[in-house]
Structures are given as C-alpha cells and as structure tokens.
Amino acid sequence: MPLVAGVDSSTQSCKVLVVDAASGHVVRRGRAAHPDGTEVHPEHWWTALREAIGAAGGLDDVAAVSVGGQQHGMVALDDDGEVVRPALLWNDTRSAASARELTDELGGPQAWAERVGSVLVASFTVTKLRWLADHEPEAAARTARVCLPHDWLTWRLAGRPPELTTDRSDASGTGYWSAASGEYLPEIVTRALGHPAVVPRVAARDESVASGADADWRLGPGCGDNAGAALGLGAGPGDVVVSIGTSGVVTAVSDVPTADASGSVAGFADATGRFLPLVATLNAAQVLDATARLLGVDHAGLSDLALTAPPGADGAVLVPYLQGERTPNRPDATGSLLGLTLAATTPAHLARAAVEGLWCGLADGLDAIRDQGVAVRRVLLVGGAGASPAVREIGADVLGVPVDVPPAEEYVALGAARQAAWALDPDGEPPTWLDGDDGWTRCEPRGDGAAVRARYAEARDLTLARP
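Residues numbered from 1 in each chain as written. Predicted model: local features only at pLDDT ≥ 70, side-chain atom pairs only at ≥ 80, totals over all residues. Heavy atoms only, no water.

1. Points about the packing of helix α10 (residues 285–295) against helix α12 (residues 347–370)
Two elements in contact, α10 and α12, have axes whose closest approach is 10 Å; the angle formed by their N-to-C orientations is 170 degrees. With respect to α12, the element α10 is oriented roughly antiparallel. From α10, V287, L288, T291, L294 and L295 reach across to α12, where they touch P347, L350, A351, A354, V355 and L358. Considering only residue class, the contact of α10 with α12 consists of 10 nonpolar, 1 polar and no charged. (Axes fitted to C-alpha atoms, helices over the stretch in contact; angles between N-to-C directions. Helix = DSSP H or I, 4+ residues; strand = E, 2+ residues; numbered from the N terminus. Parallel < 35°, antiparallel > 145°, perpendicular 65-115°, else oblique. Contact = heavy atoms within 4.5 Å. Nonpolar A, V, L, I, M, F, W, Y, C, P; charged D, E, K, R; others polar.)

2. With respect to the sheet that holds strand β24 (residues 441–443)
Taken in spatial order, the 7 strands of this open sheet run β18-β19-β17-β16-β22-β23-β24, and their pairing is mixed. Sheet topology places β18 (266–269) and β24 at the edges, where each strand pairs with a single neighbour. Between one strand and the next, the sheet's axes are offset by a mean angle of 25 degrees, whatever the strand orientation. Note: strand β16 (residues 239–244) against strand β22 (residues 378–382), 5 bridges, orientation parallel. Following the sheet pairing, V240 is matched in β22 by V379. (Pairing = 2+ DSSP bridges.)

3. A short note on the nonpolar core
Within soluble globular proteins, side chains that are nonpolar tend to cluster in buried spots. Within the largest apolar cluster, 56 residues are counted, with the highest numbers of intra-cluster contacts made by V4, V19, V126, L129 and I188. Sequence-distant contacts of L129, that is, excluding residues within four places in its chain, are made with M74, V146, Y176, V189, A192 and L193. Among the nonpolar cores identified, the runner-up in size contains 45 residues, and A306, V319, L366 and I369 belong to it. (Core = buried A, V, L, I, M, F, W, Y, C linked by side-chain atoms within 4.5 Å. Buried < 20%, exposed > 50% of the residue type's maximum accessible area, 1.4 Å probe, protein only.)

4. A look at empty space enclosed by the protein
Under the defined criterion, the tally for this structure stands at 4 cavities of 30 Å³ or more. The calculated volume of the largest cavity comes to roughly 70 Å³. Along the walls of the largest cavity sit 13 residues, with G263, S264, V265, A266 and R326 positioned nearest its centre. When its volume is computed, the second largest cavity comes out at roughly 60 Å³. Around the second largest cavity sit T281, N283, P320, Y321, E325, T327, P328, L358, G361, L362, D364 and Y456, which together line it. For the lining of the second largest cavity, the element with the highest residue contribution is α12, accounting for 4 residues. Of the residues belonging to the lining of the second largest cavity, the class tally is 6 nonpolar, 4 polar and 2 charged. (1 Å grid on protein atoms, 1.4 Å probe; cavity = no way out; pocket = protein on both sides within 12 Å on 5 of 7 lines; lining within 4 Å. Points joined across faces, edges and corners; volume = space filled by probe spheres on them.)

Listed below in structure tokens is the structure:
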C-alpha cells in the first residue's frame, strides 16, 4: 500500500508524519520549530515545513499529502500573491475591540450565531481584517486575497497556483463562512476590510486539490487542527474530544450544526461533512503545573497525592481561574480555594481539589455543548495531561461518562494523513486506522461526580475579580 503524509502546522511547531495508508502505522516523522509571537511571517511556516519534511525523510515515496493547521489566523495577500504583512495568529488579541464593533454592527450575538454559527471573539479572522482596516489602512488597501495558515501552506506545496483552496473546518473559524449553509458571506468580508477580497474555494472533504509542485503526489484539502485531531482519533457522533494543554478544548462530533448566542460554543464544522461544536477554557494544564509547583512535587507525585484523597477532597474546592476565564466569560476573575477545614488542609486534598477543579471547568464546557442538543456517549482525552492516572480517573468521575485515552501521538498530523489517504480513494470512506483496543486506556465513572460538581458550582460564583 502507498505511503501518505500528514502535516500539523501549529502555533509552536510543524510536525510531519509519514504513514502507511492501509494500516495507519507511522513509519517516519519530522519536526521543526516556529518562531514565538502572535504575529509571524508565513515564510517561517514554509521554512519549518521543508525542514520537518527533510527530517521525516522527504516525500519522494509518498502518494498524497494533507496539511492540518492552527485555525483563525489572517494571511493577507496582494494581487501577486505576496504577503502584505506578517500573519496575525489566533492568539493575537489586539482585535478584541473590533470583535465587539462587528458584533454590534450586524445585529448582536444572536444574529452572528444564526448567520455563521459562532459569536465573534478576537481569534476569528474577520475581526483581524477589521483591525487591519482601522490600524493599517495602506496594508488593508493592498490586501486582495485572504486565507488561513493551512490554506497558504497547501498553496505553496502546490506551487502557488492561481486558485487558493481551504476546507469547511477551517473556513468555519473565519467569521464569514456559515457552517450551517456551507456558504461564504462576502458582504461580511467587505464590511470588515473595507473592500471585497478573494477567499479560498472550499474543497470537498475527499478532494485532491492539486498535485505536488516538485513531485508526483496529490494534495488533500487540509483541515483545521481540532478537526484534524478528531479525524485522527476516528471520532464520530457522540464522541467528545477533550484536549488538556495550554488551553482546555472540548469538541464534539455532531450531525447537526449549533448556534449558541451566549458565545460559549463555537459552531465549527469538521473534516468529514459533520459539525464540530467547540468550547475553549483558558485554564488547563497550567493548573496542574502550578499546583505541583506549590506542593513541591512533579506531575507523577501530584497524581499520586490526588488519588490518596477522597472524592470531593472533604469539601475543599479549587476554582482554577488562574488566568481569568473564557468559559464562562470571566476575563478578570481570579482563582479561589474554598471550603477548607483542618481535615482538608493536606497536600493530598489540595492535589485532589486541583484536578477536580480543572475537570469541573471542562465539565461546564461539556454542559454548554449538551445544551445545544449534542449527544455525548464518551470522552476521548488527548494532550500530555492524559498520562496522569489521577487526571484520567477523576475526569471520568466528574464527567460521569467513560474517558478513553488513546496512545500518545500527533493526532492532528495523523488526521491530516488520514485525509490524504482519503483523497487517494475519493469514492470511498476515510480508512479505519484506530480500533479502540490497541493501546487505549478506558476509565469508567466510579465516584459521585454530581456531588463534586454541585460543590464546585457553589464556589464558582464566589471568585474575586483581579485587583
């Protein structure tokens, strides 16, 4: 069977996996770093991609390639396809005021939720276009085409053809494409930028959008990183992917679109033709890092301590808003440790309260997704924190559903590779690579998660604002 390659061009780095198209077995891998910062010239991504491809042994024996990448970023191009200014990344918040302005101009949160599936925040591409128009009008006037990071890399791999392409998962994070209708809203681009701009064609989920510029391989349509991870995991309807990293991300695969006017749930699309409602929290792995540092232990020690304390930590509750919070929307909140008694003032109780607080915050996000009518049957846990036995076991208890932990892997890149294999057989379905029994760990609910969450809910509204 042929080999395929999947790319994950994330905020921090570029990863390339070369994979057997029949089995999903990773035969080679490469990695290269991206520069720090919230704005980056796209040429750095291209340099890192070529370096990572070289580290993975090249693509001469590969039949298809697909690129997964960080969502939302704004890549502005002129009439000749040249980059107008460094790309603004998803985590660049300078367009927060622009998000509020656009929200008000087009009818408020409910109108945005109904039109594009999401309420605007600063990460969305359309808000960055408005910022560009307001603060760099000369650059805005030169901008003739707008695309996203994975679109630009696909275009470069194809040898800079006349047409840019994207996929529905990444388009759904722009703020000017409707996940429900599958159509662009060009009037929103014009309103934000001040004039019309060309946007990439949305390719079919299994399309071969081009051939490689320097080799005989096909290019898949690519995908946003969260959609790539879901595809790499083989997630289907009823599956929720929880990623505990710098941020906490809760994504669900759904057969129906969502439109949450509260802004908690972003109504994204996935890479298979379904939908991918998403909730993000600001406080995730850093909660464990900070607690371990406070207790003077490593992560293994923190896990051991947490599992020696009883469920509910004898009433101790940590509300982990250490950086404010996005879900719920409390940017100025601080963390709180409440419910302390003499019995609960031990390192084990604090460790348990930290893990439970982390999961209660993610459970709030899962509730927001459920409130949109999305069914939940199990949770797939990814990210480095999934290696912690306490995180796994306490997560199942707090959520009240089984938590499945797959083997450690670069699942965005693996999902892109699976999409590349799909492009080789567009009349079929994506290959089945993960079988759920091969190296996976399952944790079933055992404790009283409802009581833990009820206690947390009482404490959640007692947090203080930043001084």
